[in-house]
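Structural overview for review
Listed below, chain by chain, are the residues.
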Amino acid sequence: MKQSTVALNRLGALKGVMQRFALLALVGASFALMLLGKADTVLVERVRTTVADSVAPVLDVLSRPAASLAAGVEAVRGLTDLYEENQRLLEENQRLLRWQMVARKLEAENEALRSLQNFRPEPGASFVSARVVADTGGAFAHSLLVLGGSSDGIRKGQAVMTGEGVVGRVAETGLRTSRVLLITDINSRIPVMVGEGRQRAILAGENTDRPRLIYLPANAGVVPGDLVATSGAAGAFPQGLPVGVVASVEDGVVRVAPYVQRDRLEIVQAVDYGLNGILPGEALE
Amino acid sequence: MRPTLWQRMDTMARHLVPFVLTLMLILLAATPTHLPGMVRVGPMLSLIGVYYWAVYRPDLMGYGSAFSLGLFEDILTGAPLGSGALMLLITTSIVVSQYKFFNGKSFAVTWWAFALVGLIAAGTKWLAVSLIYGLSADLQTVAVEYLLTLALYPVLGWLLARAQLYLIKDA
């Protein structure tokens, strides 16, 4: 009897030591993973895409009721201010019709000038639409998982858009899912041009909902309300895609409010402009 | 009497409940809610799951489970690999080391303790992410997420207690 309690005590002590060892080993593994992730190896990416691919069906099922619930709430909210909305749309329609006339005129003029200049048109774009199944915001990462991968023609580096403007770019592609790095993510850097002066700058995400402009010339004269669009530099994005407007200029820090409303993202489009992007060919595979 | 094969499989399945439920919480947290404002901050549901099970069934939420759940969350959300794993490991290790304190405490006390443990855990993740990027992550967002998580703990804790009562029992 006494012997067995001694043995049990020893077993308990051994178990405690083993547990402590496991904790240390796993904490060590966490730090090792942080370093490995920082090195950004192909292996890490493959693991990420494989996991995303395998949980995609579950995420798909989960995101459907959430989407229909949101649609229901939206419908009720829409009913309450139907009249106001109608008035606003009527006004907007009139304004847009005037713009349409201007645009038609400019289009014809553009056409004529291009034919004079023997201008080579940009290659046409093709796009793939994909449903958003996971949206992770917060302080640590800003990215989306969309239901569409390499088997649907989505490729790494493609621009991701909605009707409102640029959402981000494809960072990883699996067979069935892709990860979209939002323009607000801390790892996102996009060449843009600002305002009527078309000042070149880089839009850098900071994991907040207001990314900032860096490498903007000191005398750029940027003011809140200036439009921000892609500049097409480095061949990552084509020129002129709408990104957002300058929200604030404080102590030389220029922040941009993106056009895209994160909470409305349901379907996004991965657009293929036939550009290779900043990354060399083999890195895109 | 030796348990039959079915009984053993039943027990095994019941022992998997904490892990699977926390996994579901992680997936749920990643689901787009389309609620205005909720995309910028989301409650750290995995923290609630791991904390709850470490307090009430420490035998079913070990370091290995906490680590793999955290790693899964990192992979899914695109956060730096290992940062979430570290957060959940810290959570489990604090609870396990203070098991005498947690033994038989009321819900209010565990909630209060959750505020402390969660603060340390979220702080750890914030520090890890800031170190990795060499830039301090947005402290305000982390603070809001932490408060949101804290506010959600009673509701989720109640649901998890139901699950413990009906799905695990004394297995």
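Just so you know, these numbers come straight off a predicted model, no measurement behind them. Every chain is numbered independently, its residues counted from 1 as its sequence is written. Chains carry letters from A onward and ligands carry numbers from 1 onward, assigned in written order. The predicted origin of the model limits local features to residues at a pLDDT of at least 70 and limits the giving and counting of side-chain atom pairs to 80 or more, whereas totals for whole chains, interfaces and linings rest on all residues. Only hydrogens and water are removed before side-chain values are computed, so all heavy atoms of the structure are retained for them.

**Remarks on the overall build of chain A**
Strands are runs of DSSP state E lasting at least 2 residues, helices are runs of H or I lasting at least 4, and numbering of each runs from the N terminus. When its secondary structure is counted, chain A shows 4 helices and 12 strands. In this treatment the radius of gyration is a C-alpha quantity, and the globule benchmark scales as 2.2 Å times the residue count to the 0.38 power. Rg of the C-alpha trace for chain A: 25 Å, well past the compact-globule value of 19 Å for 285 residues, more than 25% over. With the C-alpha coordinates aligned to their principal axes, the bounding extent of chain A is approximately 100 × 50 × 45 Å. Residue exposure (1.4 Å probe, protein chains only): buried if accessible area is under 20% of the type maximum, exposed if over 50%, otherwise partly exposed. Across the 285 residues of chain A, 37% fall into the buried class. By definition, residues are in contact when any of their heavy atoms lie within 4.5 Å. Partitioning the intrachain contacts of chain A with sequence separation of at least 6 by distance along the chain shows that 57% fall at a separation of at least 24.

**Brief notes about helix H2 (residues 17-30) of chain B**
A helix is expected to reach a length of 1.5 Å times the quantity of its residues less one. Taking 1.5 Å per residue as the helical rise, H2 of chain B with its 14 residues ought to reach 20 Å, and the 20 Å between its terminal C-alpha atoms agrees with that figure. Residues of H2 of chain B that are buried include every one of Val 17, Pro 18, Thr 22, Leu 25, Ile 26, Leu 27 and Ala 30 of chain B, and no others. Looking at the packing, one finds that the buried side of H2 of chain B touches helix H2 (42-80) and strand E1 (126-136) of chain A together with helix H1 (5-15), helix H3 (45-56), helix H4 (63-77) and helix H8 (139-168) of chain B.

**What to know about the interface of chain B and chain A**
Contact residues are listed per partner, giving 43 residues for chain B and 45 residues for chain A. Here a polar contact is taken to be a pair of N or O atoms separated by no more than 3.5 Å, where protein atoms must pair a possible hydrogen donor with a possible acceptor and residues adjacent in sequence count only if both atoms sit in side chains. Summed over the shared surface of chain B and chain A, the result is 10 residue pairs in polar contact (both at pLDDT 80 or more). The biggest single contributor to the side of chain B that touches chain A is H4 of chain B, with 9 residues.

**Quick look at the UniProt feature "transmembrane region" (unreviewed entry) in chain B**
All names here are of chain B. UniProt positions are given in the numbering used here, feature names are shortened, and annotations may be inferred rather than shown by experiment. Using the residue numbers shown here, the UniProt feature "transmembrane region" (unreviewed entry) corresponds to residues 12-30, 75-97, 109-134 and 146-168. Between the end C-alpha atoms of residues 75-97 there is a gap of 28 Å, over a span that is 78% helix and 0% strand. Each end of residues 109-134 is marked by a C-alpha atom, and these two atoms are 37 Å apart; helix forms 96% of the span and strand 0%.

**A look at the sheet that holds strand E2 (residues 143-147) of chain A**
An order of E1-E2-E5-E4-E3-E12 (chain A) is seen for the 6 strands of this closed barrel, with the pairing classed as antiparallel. Between one strand axis and the next, the sheet turns through 45 degrees on average, direction left out of account. Any two strands are treated as partners once DSSP identifies two or more bridges connecting them. Here strand E3 (residues 159-161) of chain A pairs with strand E12 (residues 267-272) of chain A via 3 bridges, running antiparallel. Residue Ala 159 of chain A lies in a different strand from E12 of chain A, and its bridge partner there is Val 271 of chain A. To obtain an axis, a line is fitted to C-alpha atoms, over the contacting stretch when the element is a helix, and the angle between two such axes runs from 0 to 180 degrees between their N-to-C directions. Its contacts with the sheet place H2 of chain A against E1, E2, strand E4 (166-173) and strand E5 (177-182) of chain A, and it is angled at close to 80 degrees to E1 of chain A. Contacting E1, E2 and E5 of chain A, H4 of chain B crosses the sheet at an angle of about 75 degrees to E5 of chain A.

**Considerations on the packing of H2 of chain B against H4 of chain B**
All names here are of chain B. Interaxial distance between H2 and H4 falls to 10 Å at its minimum, and their mutual angle equals 20 degrees. Taken together, the axis directions place H2 and H4 in an arrangement best described as roughly parallel. Here H2 and H4 pass one another in a crossing that is right-handed. Where H2 abuts H4, its residues Phe 19, Thr 22, Leu 23, Ile 26, Leu 27 and Ala 30 lie against Ser 65, Ser 68, Leu 69, Phe 72, Glu 73 and Leu 76. Amino acids outside the nonpolar list (Ala, Val, Leu, Ile, Met, Phe, Trp, Tyr, Cys, Pro) and the charged list (Asp, Glu, Lys, Arg) are all regarded as polar, and Gly is one of them. By residue class, the composition of the contact of H2 with H4 is 8 nonpolar, 3 polar and 1 charged. Any angle from 65 to 115 degrees is called roughly perpendicular, while one under 35 is roughly parallel, one over 145 is roughly antiparallel, and all others are oblique. By convention the crossing between two helices is left-handed if the near helix lies anticlockwise of the far one by an angle smaller than a right angle, and right-handed if it lies clockwise.

**Regarding H8 of chain B**
For an α-helix, the turn length of 3.6 residues means that residues three or four places apart are oriented alike. Given a rise of 1.5 Å per residue, 30 residues ought to cover 44 Å, yet the end C-alpha atoms of H8 of chain B are separated by just 38 Å, more than 12% below that figure. Directly beyond the C-terminal end of H8 of chain B, a positive phi value near 55 degrees is found at Lys 169 of chain B.

**Observations concerning the packing of aromatic side chains**
All names here are of chain B. Each Phe, Tyr or Trp ring (for Trp, its six-membered ring) is paired with any other whose centre lies within 6.5 Å, and the angle between the two planes then decides the class: stacked below 30 degrees, edge-to-face above 60, tilted in between. Overall, the coordinates contain 8 aromatic pairs over all chains when judged by the stated rule. For the pair Phe 107 and Tyr 153, a centre-to-centre distance of 5.7 Å together with 20 degrees between the ring planes defines the contact as stacked. Taken as a pair, Phe 107 in helix H7 (residues 107-133) and Tyr 153 in helix H8 lie far apart in primary sequence, 46 residues in all. Judged by relative accessible area, Phe 107 falls into the partly exposed class, the value being 34%.

**Things to note about the pattern of salt bridges**
Pairing between side chains of opposite charge can happen when their charged atoms approach one another. Residues and elements named next belong to chain A. In the sections that follow, a salt bridge refers to a side-chain nitrogen of Lys or Arg positioned within 4 Å of a carboxyl oxygen of Asp or Glu. Taken as a whole and assessed by the stated rule, the structure comprises 13 salt bridges over all chains. A salt bridge links Arg 179 to Glu 172; the shortest N-O distance between them is 3.5 Å. Each of the two residues, Arg 179 as well as Glu 172, counts as buried. Connected through shared salt-bridge partners, Arg 48, Glu 172 and Arg 179 make up one network.

**Points about the nonpolar core**
As used here, the term nonpolar core means buried Ala, Val, Leu, Ile, Met, Phe, Trp, Tyr and Cys residues forming a set that is joined through side-chain atoms within 4.5 Å. Formed by 64 residues in total, the largest nonpolar core has its most connected members in Leu 59 of chain A together with Tyr 51 and Leu 76 of chain B. The element that contributes the greatest number of residues to this core is H3 of chain B, accounting for 9 residues. Membership of the second largest hydrophobic core comes to 22 residues, among which are Val 192, Val 194, Val 222 and Tyr 273 of chain A.

**Quick word on the sheet that holds strand E8 (residues 212-214) of chain A**
All names here are of chain A. Pairing within the closed barrel is antiparallel, and its 6 strands lie in the order E6-E7-E8-E11-E10-E9. This sheet shows a mean twist of 45 degrees between the axes of neighbouring strands, independent of strand direction. As judged from the 3 bridges shared by strand E6 (residues 189-194) and strand E9 (residues 227-230), these two strands associate in the antiparallel manner. For Val 192, the partnering residue across the bridge sits in E9 and is Thr 230.

**So, the pairing of strand E7 (residues 199-204) of chain A**
Residues and elements named next belong to chain A. Sheet topology note: the E6/E7 ladder contains 6 bridges and is antiparallel. Within the sheet, the bridge partner assigned to Val 194 lies in E7 and is Gln 199. Taken together, E6 and the strand that follows it, E7, pair antiparallel across an intervening segment of 4 residues, in which Gly 195 is found at a positive phi of about 70 degrees.

**Quick word on the environment of Met 61 of chain B**
Within the fold, Met 61 of chain B resides in the loop between H3 and H4. With near-sequence residues (within four places) excluded, Met 61 of chain B lies in contact with Pro 18, Thr 22, Val 50, Trp 53, Ala 54, Ala 66, Leu 69 and Thr 92 of chain B.

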